[in-house]
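Close look at the chain arrangement
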Amino acid sequence: MAKSHDIIVIGAGPGGYVAALRAAQLGLDVGCVEKESELGGTCVRVGCIPSKALLEASELFHQANHELASFGVNVSGVSLDLAKMQKKKDAVVKANTGGVAFLFKKRKIARYAGHARFLAPGRIEVGGEALEAKHVIIATGSRVAPLAGVELDGERVVTSTEALAFAEVPKHLVVIGAGAIGLEMASVWSRLGAKVTVVEYLDRILPGMDGELADEARKVLAKQGLEFRLGARVTGARRAGDGAVVEIDGAEPIRCDRVLLAVGRVPNTEGLGLDALGLETDRRGRIPVDEAYRTASPSVYAIGDVIAGPMLAHKASEEGVACVERIVTGYGHVNYDAIPAVVYTHPEVAAVGKTEEELTASGVPYRKGSFPFSANGRARALGQTDGRVKMLAHAETDRVLGAHILGPRAGDLIAELVAAIEFGASSEDIARTCHAHPTLAEAVHEAALAVDERALHI
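Reference entry: report on the structure contained in this document.

Cut-offs applied
Residues numbered from 1 in each chain as written. Predicted model: local features only at pLDDT ≥ 70, side-chain atom pairs only at ≥ 80, totals over all residues. Heavy atoms only, no water. Helix = DSSP H or I, 4+ residues; strand = E, 2+ residues; numbered from the N terminus. Rg over C-alpha atoms; globule rule 2.2 N^0.38 Å. Lys, Arg positive; Asp, Glu negative; His and termini not counted. Charge placed at Lys NZ, Arg CZ, Asp CG, Glu CD. Buried < 20%, exposed > 50% of the residue type's maximum accessible area, 1.4 Å probe, protein only. Core = buried A, V, L, I, M, F, W, Y, C linked by side-chain atoms within 4.5 Å. Contact = heavy atoms within 4.5 Å. Disulfide = S-S within 2.5 Å. Phe/Tyr/Trp six-rings, centres within 6.5 Å; stacked < 30°, edge-to-face > 60°. Lys NZ or Arg CZ within 6 Å of the ring centre and 35° of its normal. Pairing = 2+ DSSP bridges. Axes fitted to C-alpha atoms, helices over the stretch in contact; angles between N-to-C directions. Left-handed = near helix turned anticlockwise from the far one by under 90°. Nonpolar A, V, L, I, M, F, W, Y, C, P; charged D, E, K, R; others polar. Salt bridge = Lys/Arg side-chain N within 4 Å of Asp/Glu carboxyl O. Parallel < 35°, antiparallel > 145°, perpendicular 65-115°, else oblique. Patch = residues over 30% accessible without salt bridge, like charges linked within 9 Å, V, L, I, M, F, W, Y side chains within 5 Å. Areas by Shrake-Rupley, 256 points an atom, 1.4 Å probe, with all protein chains shown as cover. Expected span 1.5 Å × (residues − 1).

Check the secondary structure of the protein chain and you find 13 helices and 22 strands. Whereas a compact globule of 458 residues would reach a radius of gyration of roughly 23 Å, the protein chain reaches 23 Å, a difference of no more than 12%. Distance between charge centroids for the protein chain: 4 Å, based on 51 positive and 58 negative side chains.

If you want it as structure tokens, here you go:
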């Protein structure tokens, strides 16, 4: 007889495990299927968490070598122990995967190891074992998108998974793709001593983010040593002896030590037995859902990277909570205009809401306020004055429509602006809110004042 649960979640990444936790919190009998030995999904195991650990460590190494002296802190004999740095990263990952496992035990969530396949609506198979549930949530995440001509071998031509675990610093790393993942990994290895060339098909970096700030970010990163080849179409990449070669349309091949493919991700929807449910994916491999995350099959739902929208861990988590709350209470909601995005380079890039390009294209009238960190006292004290805060508000209602930050701790500063959009705040609301001095957040305050052309410190 098949084991039965109120709800089964397929996938234990940020969408799946949060959905499972919320379901248990609401009193449901929950099962969760995960094919990997550790919980947490790509984000926790080989994505967000390990990359941030390496970004932090590499930034400290860079500061010790190049910045501390300007603060009167003289150091000598600074050296890199990459094995120890990797060990520290692994410990951070283990603490997070272990934390998810602890929460599963605490909430009495049943774990099933293996690959799930649908036999029928409400019935799945995992490792030869049949499971049944009143509701099933598909939260299987995504994997690295392939690129024609790029021959991944896991050693010389790699994905971000392998790039997080290099045992030595490459002499020359070529990164294919100038999105968040590509630029973060480029930053890590550049700080640790590699020559890094970033090759991007588009004529800009950070596709989808504010164009003005993306261009400013490119200039800052170029000063740090990253080489950019924009408007370049990669036609092939392969191992060549003890190194690799990258072929570019209309240009000389680039010979290097290693190649990182980082051109995006694709949904993990293959092998789930969706045909047993009568479900078809769209041209991008995503599962169509309605506003309650229901698929066309009764009692089967989907969230996170397998459905439309940005492939972000926190977006998946929000959808997991909303989906479960819809099932239990009949109400659950995600405001997609208030989903932030952060790129953890140095300085960081953070955004929420609409870009200028989007507002212009849709014909929405807006006003813009901008304030540079070079005029912020705390940023000067930190020695981190690159970048700015940019705020976009409706020209008639003054409601904040979008906010974009390039600068120190932008990923933390954006939270105030996410809350502002969530609550329908105006730029005047933010301008009338007292911000502590001296803080980086004062730049947000000044940008709000600048929407009405009354910034005080520029």
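Let us keep going from here.
A word on helix α13 (residues 442-451). Helical geometry note: an α-helix holds 3.6 residues per turn, so side chains three or four residues apart project in the same direction. Counted residue by residue, α13 has 10 buried out of 10 residues, so it is predominantly covered. All of the buried residues in α13 are Glu442, Ala443, Val444, His445, Glu446, Ala447, Ala448, Leu449, Ala450 and Val451. Immediately beyond the C-terminal end of α13, within one or two residues, lies glutamate 453, with a positive phi of roughly 60°.

If you look at the biggest cluster of nonpolar residues, it comprises 48 residues, and the most contacted ones within it are Val33, Phe104, Ile109, Phe118, Ile124, Ile137 and Ile138. For this core, the element with the most residues is helix α1 (residues 14-25), which contributes 7 residues. Ignoring sequence-local partners within four residues, the contact set of isoleucine 124 consists of Ile8, Ile10, Val33, Ala116, Arg117, Phe118, Leu119, Glu129, Ala130 and Leu131. Of all hydrophobic cores here, the second largest spans 37 residues; its members include Leu164, Trp189, Ala214 and Val343.

The next subject is the state of the cysteines. Counted under the stated rule, the structure contains 0 disulfides. Cysteine 323 takes part in no disulfide bond, and the closest cysteine sulfur to it belongs to cysteine 32, at a distance of 13 Å. Cysteine 323 sits in the buried class, given a relative accessible area of 0%.

The subject of this paragraph is the side chain of serine 160. When you line up the elements, serine 160 lands in helix α5 (residues 160-163). Judged by relative accessible area, which is 10%, serine 160 ranks as buried. Not counting the four nearest positions on each side in its chain, serine 160 is found in contact with Val144, Ile181, Leu260 and Leu261.

In this description, an aromatic ring pair is defined by two values, namely the gap between the centres and the angle between the planes. Overall, the coordinates contain 1 aromatic pair when judged by the stated rule. Ring centres of phenylalanine 166 and tryptophan 189 lie 5.2 Å apart, and the angle between their planes is 45°; on these two criteria the pair is classed as tilted. Residue phenylalanine 166 is found in the loop between α5 and β9 (172-176), and its partner tryptophan 189 is found in helix α6 (residues 180-191); the two are separated by 23 residues along the sequence. Relative accessible area serves as the criterion here: at 3%, phenylalanine 166 is assigned to the buried category. Given the relative accessible area of 0%, tryptophan 189 is considered buried. Across from the ring centre of phenylalanine 166, 4.4 Å away, lies the NZ or CZ of arginine 258, which sits over that ring.

Here we come to the sheet that holds β9. The 5 strands lie next to each other as β8-β15-β9-β10-β11, forming an open sheet whose pairing is parallel. Sheet topology places β8 (157-158) and β11 (227-230) at the edges, where each strand pairs with a single neighbour. Two elements, β9 and strand β15 (residues 258-261), share 4 bridges in a ladder whose sense is parallel. Bridge pairing in β15 links valine 174 to valine 259. Taken strand by strand, α6 contacts β9, β10 (195-200), β11 and β15, and its axis lies near 165° from that of β10.

Orientation of helix α3 (residues 48-66) relative to helix α4 (residues 82-106), taken along the N-to-C sense of each, is 145°, at an axis distance of 9 Å. For the element pair α3 and α4, the recorded crossing hand is right-handed. Of the residues in α4, those touching α3 at Ile49, Pro50, Ala53, Leu54, Ala57 and Ser58 are Met85, Gln86, Lys89, Val92, Val93 and Asn96. Partitioned by chemical class, the residues of the contact of α3 with α4 number 8 nonpolar, 3 polar and 1 charged.

A side chain with one charge can pair with a side chain of the opposite charge if their charged atoms come near. Under the defined criterion, the tally for this structure stands at 31 salt bridges. Ionic pairing is found between arginine 45 and glutamate 36, a salt bridge with its closest N-O pair at 3.9 Å. By relative accessible area, glutamate 36 is classed as partly exposed at 30%. The salt bridge partner of arginine 218 is aspartate 215, with a shortest N-O separation of 2.8 Å.

With that settled, the discussion passes to the packing of α1 against α4. In a packed pair of helices, the relevant descriptors are the angle between the two axes and the axis-to-axis distance. Between α1 and α4, the least distance of the axes is 10 Å, while the angle of their chain directions is 25°. Taken together, the axes of α1 and α4 are roughly parallel relative to one another. Two packed elements cross with a definite hand, and for α1 against α4 that hand is left-handed. Between α1 and α4, the residues in contact are Tyr17, Ala20 and Leu21 and Val100, Leu103 and Phe104, respectively.

A surface patch of nonpolar side chains, amounting to about 300 Å² of accessible area, comprises Phe71, Val73, Val75 and Val78. By relative accessible area, phenylalanine 71 is classed as partly exposed at 46%.

Further remarks concern unusual backbone geometry. Residue proline 347 is bonded to the preceding histidine 346 through a cis peptide linkage, with omega at 5°. When you line up the elements, proline 347 lands in the loop between β18 (341-343) and β19 (348-353). With an omega dihedral of -5°, the bond running from histidine 437 to proline 438 counts as a cis peptide bond. With respect to the helices and strands, proline 438 occurs in the loop between α12 (427-431) and α13.

Next up on the list: α3. Look at α3: 26 Å from first C-alpha to last across 19 residues, which is about the 27 Å you get at 1.5 Å a residue. Every buried residue of α3 is listed here: Pro50, Ser51, Ala53, Leu54, Leu55, Ala57, Ser58, Glu59, Phe61, Gln63 and Ala64. Next to the buried residues of α3 lie α2 (41-46), α4 and α6.

So, on to the sheet that holds strand β12 (residues 234-240). Across a sheet, strands are paired by hydrogen bonds formed along the backbone, either parallel or antiparallel in direction. Ordered by their spatial adjacency, 3 strands build an open sheet running β12-β13-β14, and the pairing between neighbours is antiparallel. Strands at the two margins of the open sheet, each flanked by one partner only, are β12 and β14 (254-256). Neighbour to neighbour, the strand axes of the sheet diverge by 15° on average, direction disregarded. Where strand β13 (residues 243-248) and β14 come together, 3 bridges link them in antiparallel fashion. Within the sheet, the bridge partner assigned to alanine 244 lies in β14 and is cysteine 256.

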